[in-house]
Amino acid sequence: MTTSAVHTPRGPVTRKDVARYAGVSTAVVSYVVNGGPKKVAPATEAKVQEAIRILGYRPNAAARALKMGSNQTLGLVIPDSSNPFWALLGHAVEVAAAERGYALLLTNSDNNLDSERRHIRNLADRQVDGVVLASVMFEPDLLELFGTEIRSVLLNHASVAPGFNSVGVDLEAGARLAVQHLIGHGHTNIGLAMGITADNEADGREEGWRRALEAAGLPVGPLARGGFDRPGGYAAGQRLLAADNRPTAIFASSDMQAIGLLRAIREAGLSVPDDIAVASFDGSIEAEYSWPALTTVEQPVWEMAEAAVSALVGENRNEPPQHRVFPTQLRIRQSCGCP
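These notes cover the structure that comes with them. (Residues numbered from 1 in each chain as written. Predicted model: local features only at pLDDT ≥ 70, side-chain atom pairs only at ≥ 80, totals over all residues. Heavy atoms only, no water.)

1. Description of the overall build of the chain
Stage number 1. The secondary structure content of the chain amounts to 13 helices and 12 strands.
Stage number 2. Taken over C-alpha atoms, the radius of gyration comes to 26 Å for the chain, far larger than the 20 Å a tight globule of 339 residues would show.
Stage number 3. Taking the principal axes of the C-alpha coordinates as reference, the chain spans close to 90 × 40 × 30 Å.
Stage number 4. Per-residue burial over the chain gives 51% buried out of 339 residues.
Stage number 5. Counting contacts in the chain only where the partners sit at least 6 residues apart, residues at least 24 apart contribute 69% of the total.
Stage number 6. Carbon and sulfur atoms make up 49% of the accessible area of the chain, which totals about 16700 Å².
Stage number 7. Positive and negative charge centroids in the chain, built from 31 and 37 side chains respectively, lie 12 Å apart. (Helix = DSSP H or I, 4+ residues; strand = E, 2+ residues; numbered from the N terminus. Rg over C-alpha atoms; globule rule 2.2 N^0.38 Å. Buried < 20%, exposed > 50% of the residue type's maximum accessible area, 1.4 Å probe, protein only. Contact = heavy atoms within 4.5 Å. Areas by Shrake-Rupley, 256 points an atom, 1.4 Å probe, with all protein chains shown as cover. Lys, Arg positive; Asp, Glu negative; His and termini not counted. Charge placed at Lys NZ, Arg CZ, Asp CG, Glu CD.)

In structure tokens form, the structure reads like this:
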């Protein structure tokens, strides 16, 4: 029987319908749809693909997952996808997952620990193949991950987490790069706009700022804490500008903080970098298009995302957990005083 003599079936199209239309067995259709395990002759595969196109066949993902023991889905928990840095990191994870045939479920914790825990439980209930966690805590609560028995990796994580794969950068070294650069411009009073984590643990960026000043024989400048976002930077900037020993340069622990800081400086009738120089951390696209453009410590987002996904579903996924540390790079622009 030729395919032209076969009528398009009514109702949902099944694998049997495709096999009947193409004149092959259902096993051959399965090989084509799943890419194996057996090879199919090119001419036969073309007939099957044509039947799939004409009939509008869509494989049953749930049934396929049950058979293979995998949903081919990863979960990602980030603090805030409206932040350009997290948006880029989330996109990079999605691309790395897609390259391996995995879909990505993206969730936002909204910088809330209870929300983070709830998302981890929900992803586990959906039986995802792995969870990528960018925690709101400097030292995450790993009990939820231990309880899921699902492969997990900590992303944008600065230290070793025993029993878990983790990926991050050396925050302290990156901060030192930025502060040393400001010192090189002749600044001797350098303040810090420091973000606040959910657990209020010490952050490597604060330590890097402090150590760079101490190594140069300079006093530790004023410090103001706030959220890692624009409002947090704006509020921290207002406090730093009102300090008795107002700094001539400020290092902000995130690009979003630095953008809020730029507004506070402008409203105070001061200019950047003539009155106050600014440098920040993250390397988001916002830093490049602010005015003036921000000198920032850039994190290698794409390499970090690739390493995180590879730890879950890559060829080395069965190796012992390890902590991957990536180097940062100082992107020099105008906000520090460079031409």
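So much for the structure itself; the text now carries on.
2. Considerations on the environment of Gly204
Stage number 1. Inspection of the secondary structure assignment puts Gly204 in helix H9 (residues 204–215).
Stage number 2. Here Gly204 falls in the buried class, since its relative accessible area comes to 14%.
Stage number 3. Distance from Gly204 to Arg176, taken between C-alpha atoms, is 9.7 Å for residues 28 residues apart in sequence.
Stage number 4. When neighbours within four sequence positions are excluded, Gly204 is seen to be in contact with Phe138, Leu171 and Glu172.

3. Observations concerning helix H2 (residues 26–34)
Stage number 1. The complete set of buried residues in H2 reads Val28, Val29, Ser30 and Val32.
Stage number 2. At its buried positions, H2 is contacted by helix H1 (15–22) and helix H3 (42–55).

4. What about the pairing of strand E4 (residues 152–155)?
Stage number 1. In E4, alternate side chains face the same way, and those of Ser152 and Leu154 on one face and Val153 and Leu155 on the other are all buried.
Stage number 2. Across 3 bridges, the pairing between strand E3 (residues 130–133) and E4 is parallel. Within the sheet, the bridge partner assigned to Val132 lies in E4 and is Val153.
Stage number 3. Sheet analysis places E4 next to strand E5 (residues 165–169), joined by 3 bridges and oriented parallel. (Pairing = 2+ DSSP bridges.)

5. Re helix H6 (residues 113–125)
Each full turn of the α-helix corresponds to 3.6 residues, which orients residues three or four apart in the same direction.
Stage number 1. Look at H6: 19 Å from first C-alpha to last across 13 residues, which is about the 18 Å you get at 1.5 Å a residue.
Stage number 2. Here H6 has its buried residues at Ser115, Glu116, His119, Ile120, Leu123 and Ala124.
Stage number 3. The opening residue of H6 is Asn112, an N-cap whose side-chain oxygen sits 3.0 Å from the backbone nitrogen of Asp114.
Stage number 4. Backbone geometry just after H6 places Gln127 at a positive phi near 55°. (Expected span 1.5 Å × (residues − 1). Polar contact = N/O pair within 3.5 Å; in protein donor to acceptor, adjacent residues only side chain to side chain.)

6. Describing the nonpolar core
Buried together is how nonpolar side chains tend to be arranged in soluble globular proteins.
Stage number 1. If you look at the biggest cluster of nonpolar residues, it comprises 51 residues, and the most contacted ones within it are Leu74, Leu155, Val167, Val179, Ile190 and Phe251.
Stage number 2. Top element by residues in this core is helix H13 (residues 301–313). It accounts for 9 residues.
Stage number 3. If we skip the residues at most four places from it in the chain, Leu155 touches Leu89, Val93, Val132, Leu133, Ala134, Val167, Met304 and Ala308. (Core = buried A, V, L, I, M, F, W, Y, C linked by side-chain atoms within 4.5 Å.)

7. A look at the pairing of E5
Two faces make up the sheet, and in a regular strand the side chains alternate between them.
Stage number 1. Of all 5 residues in E5, 5 are buried; the element is thus mostly enclosed.
Stage number 2. The alternating pattern of E5 places Asn165, Val167 and Val169 and Ser166 and Gly168 on opposite faces, both of which are buried.

8. Remarks on the sheet that holds E3
Stage number 1. Taken together, the 6 strands give an open sheet; going across it, the order is E2-E1-E3-E4-E5-E11, and neighbouring strands pair in parallel fashion. Strand pairing shows two members of the sheet lacking a second neighbour, strand E2 (103–108) and strand E11 (323–326), which therefore form its edges. Geometrically, the sheet is characterised by an average inter-axis angle of 15° between neighbouring strands, direction not taken into account.
Stage number 2. Sheet topology places E5 next to E11; 4 bridges connect them, and they run parallel. Note that in E11 the partner of Gly168 across the bridge is Val325. (Axes fitted to C-alpha atoms, helices over the stretch in contact; angles between N-to-C directions.)

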